Amino acid sequence: MADANIQGAGKLPVITKRVQNLGDMGIWQRSRAYHDLIGYINGTSSAIQGIKTTDEMFESEMIKNLLRLFDFLEKLVEQHPPLEQPQRFGNKAYRDWAQEMREQLPELLEQLLPAAKKRYQSELEQYLMEAFGNATRIDYGTGHELSFLFFLCSLFKAEILQEQDIVSAALRLFNRYLEFVRQLQRTYNMEPAGSQGVWSLDDFQFVPFIWGSAQLAVKSPFDPSKFVDEQIINDFKDQFMFISCIDYICKVKTGHFGEHSNQLWSITDVPSWVKINAGLVKMYQKEILSKFPVIQHVYFGELMAFEAVSPGTTLSNARLGHVAPPPSKRICIGTSNLVPPVPVSVAQPPPVESLSSDLNVGDSSSESSDSSVVLRPSTSSVSLVAAAEGSGDKPSIPAEGEATKKEAAE
């Protein structure tokens, strides 16, 4: 698909990539899209805490229809099995799947969208098509995951999904997406896009760790120090998004967990899931949303707008560690760009002067206390360590055969 699509007769914004150089990164961090995204992520975290993925929850007809869309995409995978080829990575059958997906998706979305929402179809298509990987490189990474987050956030901004859908959008729809892209990765041997090896959180995903830690922020059946234990993984991989990610990593990687997933290993020393969530949000802002190689590929339009927010406002926070507030108190994004002006919800943008290239850019902690965990960059590229109160030391990687690491301090 072309980089730009004009909607209607030139009345609506162009759907295009807007970050062309490093100077545009500051504009991105002051944009409505950036603040709506953080508001959506944190609002969802607040809503899903204490809720298992397997719990019964409200599923609207729109959520059910979107879930069925993935059933169709799975059938396309069956129709395009991997080819016999010498390359270890990047099975070329993925390109055939991707081409048919792009051909079929517009009609599928048109069937799903209410008549009053057809004007948003092109933008929604663009975000969804970009969410499954790159057909040229046959790879997948956090930039593609970000595109799906844009898709979800746009559904709420356009009021195609309603506030009562916020839990099932994460624990049903996003989780279904997560399962499907894992299927793509395994079937077509997709390479990680921009993977930085042991120093990245995960080769493919990031947001399920944020939302997964939020699920565990209330009534967690185990401490953070236990999430790499085999019994914990077996018992809870279906109930918590965080553990499903750990289970997947253990299936696709070999060796000691601390050697192939050092950043996740370091998190086991953080004493609470609330602090882990706070640190992961900061890490996501710093290591994904602040990286030009990722954001240069992001599309913007009317729903996820590149226009600047008003000066003097701040990002929303996730308030974790207690029962989620009722829906009327959980509004996480505004729709002021789409309808006549209404009071914007808690997702307030930050002062322009507060945005810089340091760690505090767009800082959005789950706690306002200075004692909240911070994931700080070290001198080695994007290496980050979880630092609990009074300790910023990075846990050492045990040598082969060495005993399991000590329990995290309470």
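As the structure is a prediction and not an experimental result, all values here were calculated from the model.

K.L.:
Is there a simple way to explain the overall build of the chain in this structure?
P.N.:
Across its full length, the chain holds 14 helices and 6 strands. The buried share of the chain, reckoned over its 410 residues, is 56%. Residue pairs in contact within the chain that sit at least 24 positions apart in sequence constitute 78% of those at least 6 positions apart. Summed over its atoms, the accessible surface of the chain is roughly 17400 Å², and 50% of this surface lies on carbon and sulfur atoms.

K.L.:
It is not clear to me how the environment of arginine 18 should be interpreted in this structure. Could you clarify?
P.N.:
With respect to the helices, strands and loops of the structure, arginine 18 is situated in the loop between strand E1 (16-17) and helix H1 (24-29). Using a relative accessible area of 39% as the deciding quantity, one classes arginine 18 as partly exposed. Once the C-alpha coordinates of arginine 18 and tryptophan 28 are considered, the two residues, 10 residues apart in sequence, prove to be 8.4 Å apart. Beyond its immediate chain neighbours, meaning those up to four positions away, arginine 18 contacts Asp24, Val298, Phe300 and Phe306.

K.L.:
Would you take a moment to explain helix H3 (residues 61-79) for this structure?
P.N.:
Owing to its 3.6 residues per turn, the α-helix brings residues three or four apart onto one side. The end-to-end C-alpha separation of H3 is 28 Å, in line with the 27 Å expected for 19 residues at 1.5 Å each. Where H3 is concerned, the buried positions are Met62, Ile63, Leu66, Leu67, Leu69, Phe70, Leu73, Leu76 and Val77. All buried residues of H3 project into a common sector of 150° when viewed along the axis, lining one side. In H3, the exposed positions that point more than 90 degrees away from the buried face belong to Glu61, Lys75, Glu78 and Gln79. Of the surrounding elements, those touching the buried residues of H3 are helix H4 (93-112), helix H5 (121-129), helix H6 (142-157) and helix H7 (166-187).

K.L.:
What am I meant to see in the pattern of salt bridges here?
P.N.:
Side-chain pairs of opposite charge can arise where the charged atoms are in close proximity. Overall, the coordinates contain 10 salt bridges when judged by the stated rule. The salt bridge involving arginine 119 is made with glutamate 302; its shortest N-O contact spans 3.2 Å. Within this pair, whereas arginine 119 is found in the loop between H4 and H5, its partner glutamate 302 is found in the loop between strand E4 (299-300) and strand E5 (374-377), the two being separated by 183 residues in sequence. Among the residues examined, arginine 119 registers a relative accessible area of 36% and is labelled partly exposed. Across the salt bridge formed by arginine 137 and aspartate 139, the nearest N and O atoms sit 2.9 Å from each other. The class of arginine 137 is partly exposed, set by a relative accessible area of 42%. Through salt bridges that share partners, Arg32, Asp36 and Lys157 make up one connected network.

K.L.:
Where do I start with the packing of aromatic side chains in this structure?
P.N.:
Centre-to-centre distance and the angle between the planes together describe a pair of aromatic rings. For the coordinates displayed, the defined rule picks out 30 aromatic pairs. With 5.1 Å between their ring centres and 80° between their planes, phenylalanine 174 and tryptophan 211 make a pair best called edge-to-face. A residue pair is termed long-range when its members are at least 10 positions apart, and phenylalanine 174 in helix H7 and tryptophan 211 in helix H8 (residues 207-215) qualify at 37 residues. The exposure class assigned to tryptophan 211 is buried, which follows from its relative accessible area of 0%. For the pair phenylalanine 209 and phenylalanine 242, a centre-to-centre distance of 5.4 Å together with 90° between the ring planes defines the contact as edge-to-face. Of this pair, phenylalanine 209 sits in helix H8 while phenylalanine 242 sits in helix H10 (residues 241-252), placing them 33 residues apart in sequence. Its relative accessible area of 0% is what places phenylalanine 242 among the buried residues.

K.L.:
What is the right way to read the nonpolar core from this model?
P.N.:
Soluble, globular proteins show a tendency: their nonpolar side chains are buried together. If you look at the biggest cluster of nonpolar residues, it comprises 112 residues, and the most contacted ones within it are Trp28, Trp97, Phe132, Phe148, Phe150, Trp211 and Phe242. Considering every element that reaches this core, the biggest residue donor is H7, with 12 residues. Apart from the residues within four sequence positions on either side, phenylalanine 132 is in contact with Phe70, Leu73, Tyr94, Trp97, Met101, Tyr140, His144, Tyr177, Phe180, Val181, Leu184 and Met190.

K.L.:
Just checking my understanding: could you explain the environment of glutamine 49 for this structure?
P.N.:
Checked against the element boundaries, glutamine 49 lands in the loop between helix H2 (32-48) and H3. The sequence separation of glutamine 49 and histidine 322 amounts to 273 residues, and the corresponding C-alpha distance is 7.9 Å. Here the side chain of glutamine 49 touches serine 46 through a polar contact of 3.0 Å, landing on its backbone oxygen.

K.L.:
What exactly am I supposed to notice about the confidence of the model for the chain here?
P.N.:
The predicted coordinates of low-pLDDT regions are not to be read in fine detail. On average, the chain scores 77 in pLDDT, and the residues at 70 or more come to 70%. Predicted confidence is poor over residues 1-10, with pLDDT under 50, and the contacts of this stretch with residues over four places away or in other chains come to 25 contacts. Low pLDDT, under 50, characterises residues 335-410; the predicted model gives this stretch 182 contacts beyond four residues in sequence or across chains.

K.L.:
Which parts of the structure should I look at to understand unusual backbone geometry?
P.N.:
Despite not being glycine, glutamate 159 has its phi angle at roughly 60°, a positive value. Looking at where glutamate 159 falls in the secondary structure, it is placed in the loop between H6 and H7. Backbone geometry places lysine 219, a non-glycine residue, at a positive phi of 60°. Along the chain, lysine 219 falls in the loop between H8 and helix H9 (230-236). Lysine 219 sits in the exposed class, given a relative accessible area of 74%.

Cut-off values and rules
- Residues numbered from 1 in each chain as written.
- Predicted model: local features only at pLDDT ≥ 70, side-chain atom pairs only at ≥ 80, totals over all residues.
- Heavy atoms only, no water.
- Helix = DSSP H or I, 4+ residues; strand = E, 2+ residues; numbered from the N terminus.
- Buried < 20%, exposed > 50% of the residue type's maximum accessible area, 1.4 Å probe, protein only.
- Contact = heavy atoms within 4.5 Å.
- Areas by Shrake-Rupley, 256 points an atom, 1.4 Å probe, with all protein chains shown as cover.
- Expected span 1.5 Å × (residues − 1).
- Arc of directions from axis to C-beta.
- Salt bridge = Lys/Arg side-chain N within 4 Å of Asp/Glu carboxyl O.
- Phe/Tyr/Trp six-rings, centres within 6.5 Å; stacked < 30°, edge-to-face > 60°.
- Core = buried A, V, L, I, M, F, W, Y, C linked by side-chain atoms within 4.5 Å.
- Polar contact = N/O pair within 3.5 Å; in protein donor to acceptor, adjacent residues only side chain to side chain.
- pLDDT = per-residue confidence, 0-100.

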